[in-house]
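Each chain is listed here by its residues.
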Amino acid sequence: MTPRSCLLLLSAGLLVGGEAQAQAPGTAKSGAGIYTCTTLEGRRLTSDRPIVECSAREQRILNADGSLRAILPPFLSPEERAAQEARDRKQAAEIAARNDAIRRDRNLMMRYPTEAKHQQARAESLDDANKARLISERRIKELAQERKPLMDEAEFYKGKPLPAKLKQQLDANDAAVGAQRELIENQKAELVRINGRYDLELARLKRLWAGAAPGSLGAAPADAAASASR
């Protein structure tokens, strides 16, 4: 007898023994039971002991009167068990992702029950980014005013090296203007990102408002998902 067969017989014995012990005294059914299964090829097999040919398939253990006593699950090798556990983990991850999508869609609809609410949120987000851009533009104007007397002073040194202090002040002014211009470019990019996020959200919301089931639209974009989770 192969090790696989021995393990199958042992697992069947433990299953049936445990089932018999669980019955109330005086009600235990006699006999080891009748094992029956259907092979992958469709053959129906019956035996008075676990069927080795069905070790990878479920086996039904019947009483003498044909009633079901227990079910012997498939016996898995270490490799098969590892594969089954991998499938179980994948299934669990898929279920978790689906539940997360359902939760996010429901939160999104609660946050924005109407298109007007969504447009209001878009306007507020854009307003914040525009205010930051205006602050940078105002600072650039201030720096231009601060630079004017420095340039007037530099006129006295045409063709000559600038004093170290004056050169340092001009360089600092240039650096500050450059930093503000970079901020403005970043703020412009942020405006584009905000509009893109709200466009995607609105397209998703329109489908949900029209009756699409939460979680049925696939994963939400990262920005939209972050917004829905707030």
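Whatever comes next refers back to the structure up there.
These numbers were taken from a predicted model, which means no experiment stands behind them.

Student: I tried to follow the overall build of the chain on my own but got confused; where do I start?
Tutor: Looking only at helices and strands, the chain features five helices and four strands. Its helices and strands in sequence order give the chain the pattern α-β-β-β-β-α-α-α-α, from N to C terminus. Sorting the 230 residues of the chain into buried and exposed places 26% on the buried side. Partitioning the contacts of the chain with sequence separation of at least 6, the portion at a separation of at least 24 is 59%. A total of about 15,000 Å² of accessible surface is found on the chain, and carbon and sulfur atoms cover 57% of it.

Student: I would appreciate a short explanation of the state of the cysteines in the present structure.
Tutor: One covalent bond between the sulfur atoms of two cysteine residues makes up a disulfide. Counted under the stated rule, the structure contains one disulfide. Between the sulfur atoms of Cys-37 and its disulfide mate Cys-54 the distance is 1.9 Å. Across the disulfide from Cys-37 to Cys-54, rotation about the S-S bond amounts to roughly 75°, and the bridge is consequently right-handed. In this pair, Cys-37 is assigned in strand E1 (residues 34-38) and Cys-54 in the loop between strand E2 (44-47) and strand E3 (59-62), connecting sequence segments 17 residues apart. Neither Cys-37 nor Cys-54 differs from the other in exposure class; each is buried.

Student: How do you make sense of the nonpolar core when you look at a structure like this?
Tutor: It is characteristic of soluble globular proteins that their nonpolar side chains tend to be buried jointly. Ranked by size, the top nonpolar core spans nine residues in total: Leu-108, Tyr-112, Ala-121, Leu-126, Ala-129, Leu-191, Ile-194, Tyr-198 and Leu-205. At the level of secondary structure, the elements contributing two or more residues to this core comprise helix H3 (115-154) and helix H4 (164-209). The residues touching Leu-205, leaving out its near neighbours within four places in the chain, are Leu-108, Met-109, Tyr-112 and His-118.

Student: Can you help me understand the environment of Arg-57 in this one?
Tutor: Secondary-structure assignment places Arg-57 in the loop between E2 and E3. Classification of Arg-57 as partly exposed rests on a relative accessible area of 32%. Measuring from C-alpha to C-alpha, the distance between Arg-57 and Thr-39 comes to 7.4 Å, with 18 residues separating the pair along the chain. A polar contact is formed between the side chain of Arg-57 and the backbone oxygen of Thr-38, at a distance of 2.6 Å.

Student: It is not clear to me how the packing of helix H2 (residues 78-111) against H4 should be interpreted in this structure. Could you clarify?
Tutor: Angle between the axes and distance between the axes are the two parameters that describe a pair of packed helices. Taken N-terminus to C-terminus, the directions of H2 and H4 make an angle of 95°; their axes are 11 Å apart at the nearest point. In terms of their interaxial angle, H2 and H4 are classed as roughly perpendicular. Residue-level contacts link Asp-105, Leu-108 and Met-109 of H2 to Glu-201, Arg-204, Leu-205 and Leu-208 of H4. Looking at side-chain class alone, the contact of H2 with H4 contains four nonpolar, no polar and three charged residues.

Student: How should the side chain of Asp-105 be read in this particular structure?
Tutor: Relative to the helices and strands, Asp-105 is located in helix H2. When residues no more than four places from it in sequence are discounted, the contact partners of Asp-105 are Arg-204, Leu-208, Pro-214, Gly-215 and Ser-216.

Student: Please explain the packing of H3 against H4 as it appears in this structure.
Tutor: Where H3 meets H4, the axes come as close as 9 Å, and the angle between the chain directions of the two elements is 170°. By the angle between their directions, the pair H3 and H4 is classed as roughly antiparallel. Of the residues that constitute the contact of H3 with H4, the class distribution is 21 nonpolar, 10 polar and 16 charged.

Student: Just to check I follow, could you spell out H2 for this structure?
Tutor: An α-helical turn contains 3.6 residues, so a residue and the one three or four places further along point in the same direction. Counted at 1.5 Å a residue, the expected span for H2 with its 34 residues is 50 Å, and the 49 Å between its end C-alpha atoms agrees. Three or more residues of H2 are buried, namely Ala-101, Asp-105 and Leu-108.

Student: Sorry if this is basic, but what is going on with the sheet that holds strand E4 (residues 68-72) here?
Tutor: In space, the four strands of this open sheet follow the order E2-E1-E3-E4, with antiparallel pairing throughout. Of all strands in the sheet, those bounded by a partner on one side alone are E2 and E4. If you compare each strand with its neighbour and ignore which way they point, the axes differ by 25° on average. The sheet contact formed by E3 and E4 spans four bridges and is antiparallel. Following the sheet pairing, Leu-62 is matched in E4 by Leu-68.

What counts and what doesn't
Residues numbered from 1 in each chain as written. Predicted model: local features only at pLDDT ≥ 70, side-chain atom pairs only at ≥ 80, totals over all residues. Heavy atoms only, no water. Helix = DSSP H or I, 4+ residues; strand = E, 2+ residues; numbered from the N terminus. Buried < 20%, exposed > 50% of the residue type's maximum accessible area, 1.4 Å probe, protein only. Contact = heavy atoms within 4.5 Å. Areas by Shrake-Rupley, 256 points an atom, 1.4 Å probe, with all protein chains shown as cover. Disulfide = S-S within 2.5 Å. Core = buried A, V, L, I, M, F, W, Y, C linked by side-chain atoms within 4.5 Å. Polar contact = N/O pair within 3.5 Å; in protein donor to acceptor, adjacent residues only side chain to side chain. Axes fitted to C-alpha atoms, helices over the stretch in contact; angles between N-to-C directions. Parallel < 35°, antiparallel > 145°, perpendicular 65-115°, else oblique. Nonpolar A, V, L, I, M, F, W, Y, C, P; charged D, E, K, R; others polar. Expected span 1.5 Å × (residues − 1). Pairing = 2+ DSSP bridges.

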